[in-house]
Amino acid sequence: MKTMKVTLQVNNEKVDLQVRPYETLLETLRDRLDLTGAKEACGMGACGACTVVVNGVPLRSCLVLTPEVDGAEITTVEGLKKDKKLHPLQEAFMEKGAVQCGFCTSGMLMTAKALLDRNKKPTKKEIVRTISSNICRCTGYKKIIEAVEAAAKR
Ligand code: FES
Ligand code: FES
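All values derive from a computational prediction rather than experimental measurement.

Visitor: Help me get a handle on the overall build of the chain, residues and values and all.
Guide: When you go through the chain residue by residue, the secondary structure sums to 5 helices and 5 strands. When the helices and strands of the chain are read in sequence order from the N terminus, they spell out β-β-α-β-β-β-α-α-α-α. Taking 2.2 N^0.38 as the reference for a compact globule, 154 residues should give roughly 15 Å; the C-alpha atoms of the chain span a radius of gyration of 15 Å, in line with that estimate. Overall, the chain is about 50 × 30 × 25 Å in size when its C-alpha atoms are taken along their principal axes. In the chain, which comprises 154 residues, the share counted as buried stands at 45%. If you take every contact in the chain between residues at least 6 apart in sequence, the share linking residues at least 24 apart comes to 55%.

Visitor: With reference to specific residues and values, describe the packing of helix H2 (residues 88-95) against helix H3 (residues 105-118).
Guide: For the pair H2 and H3, interaxial distance at closest approach is 10 Å and the crossing angle is 130 degrees. The angle between the axes of H2 and H3 places the two elements in the oblique class. Both H2 and H3 take part in a crossing whose hand is right-handed. Contacts between H2 and H3 pair Leu 89, Gln 90 and Phe 93 from the former with Thr 105, Met 108, Leu 109, Ala 112, Lys 113 and Leu 116 from the latter. Split by residue class, the contact of H2 with H3 holds 6 nonpolar, 2 polar and 1 charged.

Visitor: Tell me about the domain arrangement of the chain, and name the residues and values.
Guide: In terms of domain boundaries, the chain breaks down into domain 1 (4-79) and domain 2 (88-152). Put simply, the middle of domain 1 and the middle of domain 2, counted by C-alpha atoms, are 21 Å apart. Counting residues at the interface gives 18 residues for domain 1 and 12 residues for domain 2. Carbon and sulfur atoms supply 63% of the area that domain 1 and domain 2 bury against each other, a total of about 1,200 Å² over both sides.

Visitor: With reference to specific residues and values, describe the packing of H3 against helix H5 (residues 142-152).
Guide: Direction vectors running N to C along H3 and H5 enclose 40 degrees, while the axes themselves pass 11 Å from each other. Here H3 and H5 pass one another in a crossing that is right-handed. Across the interface between the two elements, Met 108, Ala 112 and Leu 116 of H3 pack against Ile 144, Val 148, Ala 151 and Ala 152 of H5.

Visitor: I'd like to hear about a positive patch on the surface, residue by residue, with values.
Guide: Together, Lys 96, Lys 120, Lys 121 and Lys 153 give the surface a local cluster of positive charge. With respect to the secondary-structure elements, Lys 96 resides in the loop between H2 and H3.

Visitor: Quick rundown of the pattern of salt bridges? Include the residues and the values.
Guide: Evaluation of the coordinates by the stated rule reveals 9 salt bridges. Among the ionic pairs, Arg 32 bridges to Glu 23, the shortest N-O distance being 2.6 Å. Residue Lys 85 is joined to Glu 91 by a salt bridge in which the shortest nitrogen-to-oxygen separation is 3.9 Å. What you see here is one network of salt bridges that share partners, running through Arg 20, Glu 23, Glu 27 and Arg 32.

Parameters at a glance
- Residue indices begin from 1 for each chain and proceed along its sequence in written order.
- Lettering for chains starts from A, numbering for ligands starts from 1, and both go in the order in which the items are written.
- Owing to the predicted nature of the model, reporting of local features is limited to residues with pLDDT of at least 70; listing and counting of side-chain atom pairs is limited to 80 or more, with chain, interface and lining totals taken over all residues.
- Excluded from the side-chain calculation are hydrogens and water; included are all heavy atoms of the structure.
- Runs of E in the DSSP output that reach at least two residues are strands. Runs of H or I that reach at least four are helices, and both are numbered from the N terminus.
- A radius of gyration in this sense is built from C-alpha atoms; the matching globule rule multiplies 2.2 Å by the number of residues raised to 0.38.
- Categorising residues by exposure relies on relative accessible area from a 1.4 Å probe, with only protein chains included: less than 20% of the type maximum marks a residue as buried, more than 50% marks it as exposed, and the intermediate range marks it as partly exposed.
- Contacts: residue pairs with any heavy atoms within 4.5 Å of one another.
- All axes are obtained by fitting lines to C-alpha atoms, using only the stretch in contact for helices, and the reported angles, taken between N-to-C directions, cover 0 to 180 degrees.
- Oblique is the label for every angle not falling under 35 degrees (roughly parallel), over 145 degrees (roughly antiparallel), or within 65 to 115 degrees (roughly perpendicular).
- The sense of a crossing depends on the near helix, which, turned anticlockwise from the far helix by less than a right angle, makes the crossing left-handed and, turned clockwise, makes it right-handed.
- Residues are grouped as follows: Ala, Val, Leu, Ile, Met, Phe, Trp, Tyr, Cys and Pro are nonpolar; Asp, Glu, Lys and Arg are charged; every other residue, Gly included, is polar.
- Where each domain starts and ends comes from a domain assignment, either automatic or drawn from a database.
- Accessible-area loss on putting two parts together, using a 1.4 Å probe and summing over both, is the definition of buried area adopted here.
- Patches here: salt-bridge-free residues with over 30% relative accessible area, like charges joined within 9 Å, nonpolar side chains (Val, Leu, Ile, Met, Phe, Trp, Tyr) joined within 5 Å.
- Residue burial considers only the protein chains on display, and all accessible areas are found by Shrake-Rupley using a 1.4 Å probe.
- Put simply, a salt bridge is a Lys or Arg side-chain nitrogen that is within 4 Å of an Asp or Glu carboxyl oxygen.
- Neither His nor the chain ends is counted toward charge; the positive residues are Lys and Arg and the negative residues Asp and Glu.
- Taken as the charge location is NZ of Lys, CZ of Arg, CG of Asp or CD of Glu.

Quick look at the structure:
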C-alpha cells in the first residue's frame, strides 16, 4: 500500500512517520504513537472528544488527515504536564470535580488550553461559548466552566 512521509512535532518531540494518504490524525496519534488521550466517539466532528491543538488551534483529529498537517506542531493531553507537574487546567478539573467518566476530558482540556493560550482572562461567556463545541454527557458543564475559570486565575 502506498504511504507518505510526514514529519510532526508532537508534544515537543519530532517524529518522522510513513502514513497512508487517508489516515486521520486521530489514528496516527492513537495507533502509531500510542497517545490514547484523544478519544474517538462520534468519528464525524460532532463531539470534540478527539480534540488536539495543532499550531495553536484546537482541531478535531478525527476530521484531519495526517498528511494535511505535515510539519505541524501538535499538542495532545499527554503534553500538558510540564516537569512532572500537571497543567493548571488539569489541577482545576480535579479540584472542581469536572471529570466524571472522563471520556470527554482530554478534548475539553485541549479546547480550554487553546482558549487560555490566546486569552489568559476569558469571560465566563467566552468560556461557555468555547467549550460548547465539546459534548459532555456527565457533568452538566457547570463544573467544567468553574474549572476553566479557576485555571484562568492561576
Ligand atoms: S470523535 Fe472527533 S469530533 Fe467526535
Ligand atoms: S465526564 Fe463523562 S462525558 Fe464528560
